[in-house]
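What follows is the residue order along each chain.
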Amino acid sequence: METLSKDAHGQEDTRPTARPAIEVERLTKVYPAQRSLFGRVQPEKCAVDDVSLRVDEGEIFGLVGPNGAGKTTLIRILSTMVLPTSGTVRIGGHDIVGNEKEARSLVGVVSSNERSFYWRLTGRENLRFFTRLHQMPDSEADPWRDRLIELLGLEEMADQRFDNYSTGQKQRMAIARGLLTRPKVLLMDEPTKGVDPVGAAEIVELIQGPVRGLWNPTILVTSHNLTEIERLCGRVALMHRGRLAALGAIDELRARVRRSDHFTISVSGVEVAALDRMAVESGGTVSSAGSPRADTTEMKVNFPLGCAGFPRLVRLIVGAGGDLVSCSNRSTTFEEAFHAVVEASEVDSEGGG
Amino acid sequence: MHARVAQAFVWRDFKIATSYRTAFVIQIASIFVAVPLFFFMGTMVEGANLKSLERYGGSYFGFLLIGVALLDFLAVSLSSFGSSLRESQLTGTLEIVLLSKTSLIEVLLYSSLWFYLFTSIRFVLYLVVGAMFKLDLGNANFLGAALILAISILSFIPFGIFTAAIIMLIKRGEGVNTLISGASLFFGGVLFPVSSMPEWMQMLAQCLPFTHALEGMRQAIQSGVSIEGLGRYFLVLGTFAVVLTPLSWLAFALAVRRTRVTGTLGQY
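From a predicted model like this one, the values you see are computed outputs, not experimental measurements. In every chain, residue numbers begin from 1 and rise along the written sequence. Written order determines the labels here, with chains lettered from A and ligands numbered from 1. Only residues with pLDDT of 70 or above have their local features reported here, since the model is predicted, and side-chain atom pairs are shown and tallied only from 80 upward, although totals for entire chains, interfaces and linings are computed over all residues. Remark: hydrogens and water are excluded; side-chain values derive from all non-hydrogen atoms of the structure.

Before going further, it helps to examine the domain arrangement of chain A. Boundary definitions for the domains trace back to an automatic or database domain assignment. Each assigned domain of chain A is listed here: domain 1 (2-106 + 183-256) and domain 2 (259-330). Here domain 1 of chain A and domain 2 of chain A have C-alpha centroids that lie 43 Å from each other.

Pasting the structure below:
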């Protein structure tokens, strides 16, 4: 079983023992065929297929994948809204089928559906209603609700009707609601959906900072915005067609799909045509080359992983009387890794029938 | 029963209902239009000296007014559970509510409280405005009427829960509502006494709790029958409630379980 070794910023995890908050073992969910009076409407569908993963306490874990990958079904199973067909799921050690109530009491959900509030009540009134629903005593719930409003920067809007809120403010309110019961596990399904880039960045900062700083809840977040996932999460699970296509730290995922080293070099004293020849001679593939200034040539060149082509190229440049002015090594982006994993998974699925 | 949770639901629904000011006022004002209408219909029918109305003091106005007012309670029972469920499916609050400590069946019951409260206010208004049009309330047994009303509601609720279970499964329940309220309107004796129908229809009418509820209510208000005299109605309505309540809860629990298997809990 994998454990978190580095956080989103590459820092070593110093937690003494990483206890599991979410444990998923060989989980499968098959939605039965839906029939109408006049015959079959929808065939049986396997939404989650033999998925196993573990999320540790305090971890921010990303769940990514193309549309229809099974992310939402997995989240709905974790929140006990959907029953699994087979396999086991434990939240804080409680089985979601056998100890449903205990498991559910540990979970908070942040929904991306902005309709899931009462639009004709104010934000504060909405939150008060939900604390009552959770049967929290007012003496405890009221100050906590006010603190959440402050923490999420909603003081100015709190006493205005919910239908006056912007999409970003509605999402913040959804986060506040998800935190009302101080859940150990927070499930966030596309928390920035529909929010503009500035608002989305603010929400990501809120999750990273104030929300995580509360009691270090375990957060499982889904998003189609991979930059956000990269900023937030140490590890990710990449789902495709119900299966787990990849699981691990984002850096590991990038390294796994990296097939070549990408260099951008700036050289003086060597002409474009000569530099091009040297790159090919060193075993590289030139993706672009040009002379932005009269005395400098710039080139993007890729070398197969582990072929030692780049040192060879440097020797050739120096040998020809040129100087290497600057050099940068561009790593594989998470998006590239995502696409590579999805493509590989497609090939596997087709190969396996 | 969690009083604070119930209070939160009543307060939420009151706030939402009164935020639609015009609709709220129209719902109250409609009584001031309906009662005079019933009065003039009553004047016309009472002129015929119908034997079947003797049991109700010969007043068709009172007969019709109580029938329509009580039908409101049946309509609320049939619609409030299903509509609150459907609304929470449409708005996406259902799954949020299900994550709370409050069970879904409690949520449905609490969601109906405001509607029962509002319908009770309308019921009293029907009687008050009726009294302004010479509805004879001199003999009325109000305590008996209140008890009949309470036990009638308990016997109507299972039908609402059954409807909610159907909505949970097939997402639309209007047909079921129309069927039960239509049958109650026709067989239950809202517009004409049950005794004026053919015998086989009278037997069918006895299968509906609404028939007994309405008869008990008329006996309490129009004939001033004592609590002891209303015992038969308490017994019949209580039996409906005791038998149907667990069945409706079971049906609803099975419907919830089914939707958790099919993944259609929040679908609409």
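There is more to say after this.
Attention now goes to the nonpolar core. The biggest cluster of nonpolar side chains holds 164 residues, and the ones touching the most others in it are Ile22 of chain A together with Phe252 of chain B. With 16 residues, helix 3 (residues 60-91) of chain B is the single largest residue contributor to this core. Contact criterion: two residues are considered in contact whenever any of their non-hydrogen atoms come within 4.5 Å of each other. With residues near it in sequence (within four places) discarded, isoleucine 22 of chain A still touches Leu53, Arg54, Val55, Leu78, Arg90, Ile91, Val185, Leu187 and Leu220 of chain A. Judged by nonpolar contacts, the second largest core, of 14 residues, contains Ile265, Val270, Val301 and Phe310 of chain A. Among buried residues, the Ala, Val, Leu, Ile, Met, Phe, Trp, Tyr and Cys ones that are joined through side-chain atoms within 4.5 Å form a nonpolar core. The rule is simple: take the accessible area with a 1.4 Å probe, protein chains only, and divide by the maximum for that residue type; under 20% is buried, over 50% is exposed, in between is partly exposed. Helix and strand assignments come from DSSP, with helices taken as H or I runs of at least 4 residues and strands as E runs of at least 2, each series counted from the N terminus.

Residues and elements named next belong to chain A. One bridge is not enough; two strands pair if DSSP finds at least two bridges between them. Across the sheet, 4 strands lie side by side as 4-1-6-7; this open sheet has antiparallel pairing. Each of the sheet's edge strands pairs with one partner strand only, and the pair in question is strand 4 (45-56) and strand 7 (94-95). Where strand 1 (residues 20-31) meets strand 6 (residues 86-91), 5 bridges bridge the pair, whose relative direction is antiparallel. Considered in strand 6, the bridge of threonine 28 is made with serine 86.

Let us look at the pairing of strand 13 (residues 260-268) of chain A. All names here are of chain A. Summarising burial for strand 13: 8 of the 9 residues are buried, a large majority. Bridge count for strand 13 against strand 15 (residues 296-304) is 9 bridges, and the pairing is antiparallel. Note on strand 15: the bridge partner recorded for aspartate 261 is phenylalanine 303. Summarising the sheet, strand 13 and strand 16 (residues 323-330) pair through 7 bridges and their orientation is antiparallel. Residue pairing across strands places isoleucine 265 opposite cysteine 327, the latter belonging to strand 16.

Looking now at the pattern of salt bridges. All names here are of chain A. Each reported salt bridge corresponds to a side-chain nitrogen of Lys or Arg within 4 Å of a carboxyl oxygen of Asp or Glu. With the rule as written, the count across this model stands at 28 salt bridges over all chains. Between glutamate 25 and arginine 90 there is a salt bridge; the shortest N-O distance is 2.7 Å. In this pair, glutamate 25 sits in strand 1 while arginine 90 sits in strand 6, placing the two residues 65 residues apart along the sequence. The partly exposed category is assigned to glutamate 25, whose relative accessible area is 34%. With a closest N to O distance of 2.7 Å, arginine 235 and glutamate 59 form a salt bridge. On the criterion of sequence distance, the pair formed by arginine 235 in strand 11 (residues 235-240) and glutamate 59 in the loop between strand 4 and strand 5 (60-64) is long-range, its members being 176 residues apart. Overall, the relative accessible area of 2% leaves arginine 235 in the buried class.

This paragraph deals with the packing of helix 6 (residues 142-170) of chain B against helix 10 (residues 231-262) of chain B. Residues and elements named next belong to chain B. Axis definition: a line fit to C-alpha positions, over the contact stretch in the case of helices; interaxial angles, taken between N-to-C directions, run 0 to 180 degrees. Helix 10 packs onto helix 6 with a crossing angle of 20 degrees between their chain directions and a minimal axis gap of 8 Å. Taken together, the axes of helix 6 and helix 10 are roughly parallel relative to one another. As for how helix 6 packs across helix 10, the hand of that crossing is left-handed. When grouped by side-chain class, the residues that make up the contact of helix 6 with helix 10 number 24 nonpolar, 7 polar and 1 charged. For classification, angles of less than 35 degrees are called roughly parallel, those exceeding 145 degrees roughly antiparallel, those between 65 and 115 degrees roughly perpendicular, and all remaining angles oblique. Crossing handedness follows the turn of the near helix against the far one: under a right angle anticlockwise gives a left-handed crossing, and clockwise gives a right-handed one. Only Asp, Glu, Lys and Arg are considered charged in this grouping, and only Ala, Val, Leu, Ile, Met, Phe, Trp, Tyr, Cys and Pro are considered nonpolar; every other residue, Gly among them, is considered polar.

Residue and element names in this part refer to chain A. Ordered by their spatial adjacency, 6 strands build an open sheet running 8-9-10-5-11-12, and the pairing between neighbours is mixed. Each edge of the sheet is formed by a strand with only one pairing partner; in this case those strands are strand 8 (107-110) and strand 12 (243-249). When the angles between neighbouring strand axes are averaged without regard to direction, this sheet yields 15 degrees. Sheet topology places strand 5 next to strand 10 (residues 218-222); 4 bridges connect them, and they run parallel. When the sheet's bridge partners are listed, leucine 63 is paired in strand 10 with threonine 222. Here helix 1 (residues 71-78) sits on the sheet in contact with strand 5, strand 8, strand 9 (185-189), strand 10 and strand 11, set at roughly 150 degrees to strand 9. Taken strand by strand, helix 8 (residues 250-257) contacts strand 11 and strand 12, and its axis lies near 115 degrees from that of strand 12.

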